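Remarks on the overall topology
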Amino acid sequence: MDAEQHYLKAIEEKDVQSILATMRSDVQSSAMQHWGCDALYQVVQHSSTAAKEVVANVGIEAVATAIRLHPENVEVVNDACTALWRVAKEGGYSACQAVIEQGGFEALQIVMKRHPEGSASHESAMLACGCLADSGLVSFGGAPKVQELDHLKHKGKAFATIYVVPEQGF
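**Focus on the packing of helix α3 (residues 30-44) against helix α4 (residues 48-56)**
- Interhelical geometry of α3 versus α4 gives an angle of 140° and a closest axis separation of 7 Å. Compared by their axis directions, α3 and α4 come out oblique. Contact residues: α3 offers Leu-40, Val-43 and Val-44, while α4 offers Ala-50, Ala-51 and Val-54.
- When its residues are assigned to classes, the contact of α3 with α4 shows 6 nonpolar, no polar and no charged.

Written as structure tokens, this is what we have:
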């Protein structure tokens, strides 16, 4: 059975361990990493249990390795970033912490530095970083802008009167 068929079977069976084992068996193959990251994304999609299984099996590290070894391969990078995003989103705060601890954030930074803003790869990395920011683990540097707003002087307060009335014609 070739690798792609193996991944399709693993997706069907939702076998996270098999996907990770196959990814780790040939880290130099961009095709293996591309299919593996895509398979993880599909298995984790809408499944917090699968996301937690990826974290427990140090799967974030496998995805980060795919990015580190294939940083210019757009397919690998896109699928790896979306896999990290989906694990963080489905797994919650503990999965976000694992992304930080298992090298996922450093891998996302590599993508953001090597791929231009607006590219699919950069946007995928930003999406994953957004989950980390929502968990309070990283910041996009918004604090100075908030401080700037505090120094602005405001004249009065805006107010409005809202009347809620039933629609006529019934």
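**Re the side chain of His-70**
- In this structure, His-70 sits in the loop between α5 (59-69) and α6 (74-101).
- Using a relative accessible area of 10% as the deciding quantity, one classes His-70 as buried.

**Considerations on helix α8 (residues 120-134)**
- Here α8 is 15 residues long and its end C-alpha atoms lie 21 Å apart, about the 21 Å a rise of 1.5 Å per residue gives.
- All buried positions along α8 are accounted for by Ser-121, His-122, Ser-124, Ala-125, Ala-128, Cys-129, Gly-130, Cys-131 and Leu-132.
- Looking at the buried positions of α8, the neighbouring elements they touch are α6 and α7 (104-114).
- With its phi angle positive at about 80°, Gly-136 sits one or two positions after the end of α8.

Calculation criteria
- Residues numbered from 1 in each chain as written.
- Predicted model: local features only at pLDDT ≥ 70, side-chain atom pairs only at ≥ 80, totals over all residues.
- Heavy atoms only, no water.
- Axes fitted to C-alpha atoms, helices over the stretch in contact; angles between N-to-C directions.
- Helix = DSSP H or I, 4+ residues; strand = E, 2+ residues; numbered from the N terminus.
- Parallel < 35°, antiparallel > 145°, perpendicular 65-115°, else oblique.
- Contact = heavy atoms within 4.5 Å.
- Nonpolar A, V, L, I, M, F, W, Y, C, P; charged D, E, K, R; others polar.
- Buried < 20%, exposed > 50% of the residue type's maximum accessible area, 1.4 Å probe, protein only.
- Expected span 1.5 Å × (residues − 1).

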